[in-house]
Amino acid sequence: MKIKNLIDWKLYFVLWGASVFSILAILPYVTTLQADVLQTLTIPLPLALLASVLQGAVLIAIVLLIGLPLSERLGFEIPILKNLLSKQKIEVDVARIVQRSILFGFASGIAIILLDVLFRSQGVDVMNQVSVPAWQGFLASFYGGISEEILLRLFFMTFVLWVMSKIIRPEGKVIENNLLMWSAILLAALLFGIGHLPVTASLTEITPLVIARALLLNGIGGVVFGWLYWKNGLESAMIAHFSADIILHVLLPLLLLTM
């Protein structure tokens, strides 16, 4: 089968373009959050940022080449974008998907804040180490909602599910097997938490409690976003992730400024 028949190229380039935008959008947030680390660079900062953007763009391009056909094969949906890009329109309840995703995203953000308060009571206070403007948090939210969901849900969770299905070979559709689905969701959520440890390490000393905080707080979102990807499609996970980040990186900092 020719590669042009394996991938919806319109969908591919829309997702890739959105991801590149999100990579550019997070740069102000990163430069503020890791200002001390960036001062130690041996190359000019603009060149380092350009290299980072190019690396991210190439990574997403490769990930989409794998994730899109695998997700199609396993039965995952990208309903809103497919409906917009396809000549043959399908019935998609966009309002329901968006409302449900925002609700779960906000709930995830609030749950993460409450758990962070618990960790702060135990002496683990990571984010007070640096102050990031709300506008930078808003831009960074696009990266979480777009690029991280492509990497962790469309690629990693889908790939893990595909591998497990080859080993276990369940009866019926893989996407209807609860054990396999929840295993993939939890593994992707665990990776999401582990992926935040390098940034956490640049802000504070790594301790068992700090590791537990990173895994638990990020794992909450990972489980919710994975479940939404399973039940409502990729856009649902993206909207929920973006909504959670708005709570964490925009509304919370603005609220703290007024206190």
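Scroll up for the structure.
Residues numbered from 1 in each chain as written. Predicted model: local features only at pLDDT ≥ 70, side-chain atom pairs only at ≥ 80, totals over all residues. Heavy atoms only, no water.

K.L.:
Go over helix α2 (residues 9–25), please, and point to the residues and values.
P.N.:
Here α2 contains 17 residues, and its C-alpha end-to-end distance of 24 Å stays within 8% of the 24 Å for a straight helix at 1.5 Å per residue. Along α2, the positions that sit buried rather than exposed are L11, Y12, L15, S19, V20, S22, I23 and A25. Residues of α2 that are buried sit in contact with α3 (27–33), α5 (45–74), α6 (79–85), α8 (134–168) and α12 (234–257). Sitting at the amino-terminal end of α2 is D8, which places a side-chain oxygen 3.2 Å from the backbone nitrogen of K10. (Helix = DSSP H or I, 4+ residues; strand = E, 2+ residues; numbered from the N terminus. Expected span 1.5 Å × (residues − 1). Buried < 20%, exposed > 50% of the residue type's maximum accessible area, 1.4 Å probe, protein only. Contact = heavy atoms within 4.5 Å. Polar contact = N/O pair within 3.5 Å; in protein donor to acceptor, adjacent residues only side chain to side chain.)

K.L.:
I'd like a rundown of the packing of α5 against α8, residues and numbers included.
P.N.:
It is the contact of α5 with α8, at a shortest axis distance of 9 Å, that shows an interaxial angle of 50°. Taken together, the axis directions place α5 and α8 in an arrangement best described as oblique. Once α5 is placed against α8, the crossing between them reads as left-handed. For the pair α5 and α8, contact is made by L59, I60, V63, L64, I66, G67, L68, L70, S71, R73 and L74 and by S147, I150, L151, L154, F155, T158, F159, L161 and W162, respectively. Class assignment of the residues belonging to the contact of α5 with α8 gives a composition of 15 nonpolar, four polar and one charged. (Axes fitted to C-alpha atoms, helices over the stretch in contact; angles between N-to-C directions. Parallel < 35°, antiparallel > 145°, perpendicular 65-115°, else oblique. Left-handed = near helix turned anticlockwise from the far one by under 90°. Nonpolar A, V, L, I, M, F, W, Y, C, P; charged D, E, K, R; others polar.)

K.L.:
Please set out a nonpolar patch on the surface residue by residue, giving values where relevant.
P.N.:
On the surface, L41, I43, L45, L47, L50 and L54 cluster together into a nonpolar patch covering about 500 Å² of accessible area. Under the relative-accessibility criterion, L45 is labelled partly exposed at 34%. (Patch = residues over 30% accessible without salt bridge, like charges linked within 9 Å, V, L, I, M, F, W, Y side chains within 5 Å. Areas by Shrake-Rupley, 256 points an atom, 1.4 Å probe, with all protein chains shown as cover. Salt bridge = Lys/Arg side-chain N within 4 Å of Asp/Glu carboxyl O.)

K.L.:
Give me the nonpolar core: which residues, what numbers.
P.N.:
Core analysis: the biggest nonpolar cluster contains 43 residues, and L15, L68, I150, L154 and L161 have the highest contact counts within it. Elements represented by at least two residues in this core include exactly α2, α5, α8, α9 (178–195), α11 (208–232) and α12. Setting aside residues up to four positions removed in sequence, I150 forms contacts with L15, S19, I60, V63, L64, F155 and M238. Ranked by size, the runner-up nonpolar core spans six residues in total, among them I112, F119, V210 and L217. (Core = buried A, V, L, I, M, F, W, Y, C linked by side-chain atoms within 4.5 Å.)

K.L.:
Pulling in residues and values, what's your account of unusual backbone geometry?
P.N.:
Of note in the backbone geometry, R169 takes a positive phi value of approximately 50° without being a glycine. Along the chain, the position of R169 falls in the loop between α8 and α9. Classification of R169 as exposed rests on a relative accessible area of 61%.

K.L.:
For the pattern of salt bridges, give the residues involved together with the corresponding values.
P.N.:
Scanning the entire structure with this criterion turns up four salt bridges. Residue R213 pairs with D116 through a salt bridge whose shortest N-O separation is 2.9 Å. Highlighted residues: R213 in helix α11 and D116 in helix α7 (residues 94–121), separated in sequence by 97 residues. Assigned by exposure class, R213 and D116 land together as buried. The residue R153 makes a salt bridge to E149 at a minimum N-O spacing of 2.7 Å. Highlighted residues: R153 and E149, both in helix α8, separated by four residues, approximately one helical turn. According to the relative accessible area criterion, R153 is buried, its value standing at 0%. In this structure E149 comes out as buried when scored by relative accessible area, which is 0%. Sharing partners across several salt bridges, the network here consists of D116, R120 and R213.

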